[in-house]
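Chains, contacts and geometry: an overview
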Protein chains: 2
Amino acid sequence: MLKLSRLTDYAAVVMAQIARHPEASHAATELAEAVQLPHPTVSKTLKMLVRAGLLVSQRGAQGGYRLARPASQITAADIIAAIEGPVAMTECSQAEGDCELVATCGVADNWQRVSLAMRTLLESVTLAHLADTAPIKLPVQLPIQTISLSAASA
Amino acid sequence: MLKLSRLTDYAAVVMAQIARHPEASHAATELAEAVQLPHPTVSKTLKMLVRAGLLVSQRGAQGGYRLARPASQITAADIIAAIEGPVAMTECSQAEGDCELVATCGVADNWQRVSLAMRTLLESVTLAHLADTAPIKLPVQLPIQTISLSAASA
DNA sequence: CAATTGAGTACCATTTTAGTCCTGTATAAA
DNA sequence: TTTATACAGGACTAAAATGGTACTCAATTG
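Residues numbered from 1 in each chain as written. Chains lettered and ligands numbered in written order. Predicted model: local features only at pLDDT ≥ 70, side-chain atom pairs only at ≥ 80, totals over all residues. Heavy atoms only, no water.

Around DNA strand D sit 25 residues, and of these A:Arg6, B:Lys47, B:Ser57, B:Arg59 and B:Tyr65 come closest. Protein-proximal atoms of DNA strand D, defined as those within 4 Å of the protein, fall in sugar or phosphate at a share of 72%. A:Tyr10 has a polar side-chain atom sitting 3.4 Å from a phosphate oxygen of DNA strand D. One of the backbone nitrogen or oxygen atoms of B:Ala61 is found 3.3 Å away from a base oxygen of DNA strand D. (Near = heavy atom within 4 Å. Polar contact = N/O pair within 3.5 Å; in protein donor to acceptor, adjacent residues only side chain to side chain.)

Spelled out as structure tokens, the structure:
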């Protein structure tokens with residue numbers, strides 16, 4: 001289904017929750033209650049987000065998590081990458097790209113273009129958009145024509 | 001990584017292979033050799049593609065598989081859906097949509113919009129594009145602004 | 001120093017995915 | 001009509017990813 005993993009889903013929800021109160025520090029326990037998810041799982045997710053540089057953590061009493069930068073500067077692609085690794089539709093879309101079938105494959109180039117277009121789409125959606133309870137209104141203005149399937153230099 | 005499953009990847013490769021010789025009937029064995037993949041796996045993939053209506057099969061001697069319609073009328077989304085089910089980024093993006101967290105989630109609507117934009121993107125890429133050994137040149141002209149994040153009626 | 005809260009690690013259960021095999025059935029050609 | 005070819009369907013197994021839990025350590029505050 002080309003679905004996000006459940007943890008990624010959680011991550012988005014939690015990030016949105018934090019983004020709605022950007023001033024405060026949010027303890028894992030508090031967040032877990034707010035989003036109605038098991039505490040250890042939320043905690044795990046938060047740690048991944050810290051490691052990816054999307055959140056900063058403060059230990060000790062009165063500690064908790066805060067956004068590392070404004071919600072408008074955190075993208076859906078960032079969140080997905082934090083949990084699942086870089087957005088890439090196929091083996092060969094990744095940097096390492098050690099697929100032994102490249103010779104007989106014949107679709108690698110084109111998949112990579114599609115993959116790039118998807119990444120661009122996801123990079124155009126910010127946490128501020130996601131956290132907004134009202135449906136997003138802004139036109140994204142994706143320059144998809146120039147990116148997706150013509151001369152991509154990847 | 002928001003990655004395609006390996007079977008989906010195979011499906012795309014096999015479909016492209018068939019698309020390059022649309023006149024002939026292609027036996028599973030022949031295709032397996034052409035793309036250098038284990039025969040039973042290719043066979044399984046082919047069966048799924050038939051069930052999804054993307055291929056038609058012919059039993060008996062000289063039988064095999066052919067495209068059910070021109071390559072230009074089969075999309076990447078079709079192929080993905082044939083193997084993985086409908087393209088949907090989150091639980092709640094699907095028709096059934098029985099996620100109990102909708103209340104506390106707060107990002108469902110917006111994820112659905114993103115999901116829809118991705119689906120549109122994948123629907124704009126045809127098998128003819130994928131099968132083309134040269135990088136795709138055509139501008140896709142996705143009307144993404146009107147679809148992705150503004151008033152979607154889903 | 002004690003209470004709070006995050007960090008790290010290891011582990012287990014479940015689910016999904018991938019791959020194989022076997023038996024049945026339709027078709028075409030000899 | 002017989003035989004070889006080739007798809008159909010389903011059952012089964014193995015492997016991997018995923019999700020979830022538990023436990024211990026480290027840091028900060030008061």
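Still to come is the rest of the account.
This paragraph deals with the protein's contact with DNA strand C. If you check the shell around DNA strand C, you find 24 residues, and the closest are A:Ser57, A:Arg59, A:Tyr65, B:Arg6 and B:Lys44. Among all atoms of DNA strand C positioned within 4 Å of the protein, those belonging to sugar or phosphate total 72%. One nitrogen or oxygen atom from the main chain of A:Gly60 is found 3.3 Å from a sugar or linking oxygen belonging to DNA strand C. When the residues that make up the surface near DNA strand C are grouped by side-chain class, the tally is 9 nonpolar, 10 polar and 5 charged. (Nonpolar A, V, L, I, M, F, W, Y, C, P; charged D, E, K, R; others polar.)

Once that is clear, we can look at the pairing of strand E1 (residues 55–58) of chain B. Here E1(B) runs beside strand E2 (residues 64–67) of chain B; their pairing, made up of 4 bridges, is antiparallel. Bridging from a neighbouring strand, B:Ser57 pairs with B:Tyr65 of E2(B). (Pairing = 2+ DSSP bridges. Helix = DSSP H or I, 4+ residues; strand = E, 2+ residues; numbered from the N terminus.)

Next up on the list: the pattern of salt bridges. All names here are of chain A. Applying the stated rule across the entire model yields 2 salt bridges over all chains. Ionic pairing is found between Arg-69 and Asp-78, a salt bridge with its closest N-O pair at 3.1 Å. Residue Arg-69 is classed as partly exposed on the basis of its relative accessible area of 28%. On the basis of relative accessibility, which here comes to 24%, the residue Asp-78 falls in the partly exposed class. (Salt bridge = Lys/Arg side-chain N within 4 Å of Asp/Glu carboxyl O. Buried < 20%, exposed > 50% of the residue type's maximum accessible area, 1.4 Å probe, protein only.)

A few words on unusual backbone geometry. Most peptide bonds are trans, and most residues other than glycine sit at a negative phi. All names here are of chain A. Of note in the backbone geometry, Gln-36 takes a positive phi value of approximately 60° without being a glycine. Examined against the element boundaries, Gln-36 turns out to sit in the loop between helix H2 (28–35) and helix H3 (39–51). Under the relative-accessibility criterion, Gln-36 is labelled exposed at 52%. The residue Gln-62 is not glycine, and still its phi comes out positive at about 65°. Here Gln-62 is to be found in the loop between strand E1 (55–58) and strand E2 (64–67). A relative accessible area of 75% places Gln-62 in the exposed class.

All names here are of chain B. Mapped onto the secondary structure, Ser-115 falls in helix H6 (residues 108–123). Judged by its relative accessible area of 1%, Ser-115 is buried. A polar contact of 3.0 Å, which involves the side chain of Ser-115, links it to the backbone nitrogen of Met-89.

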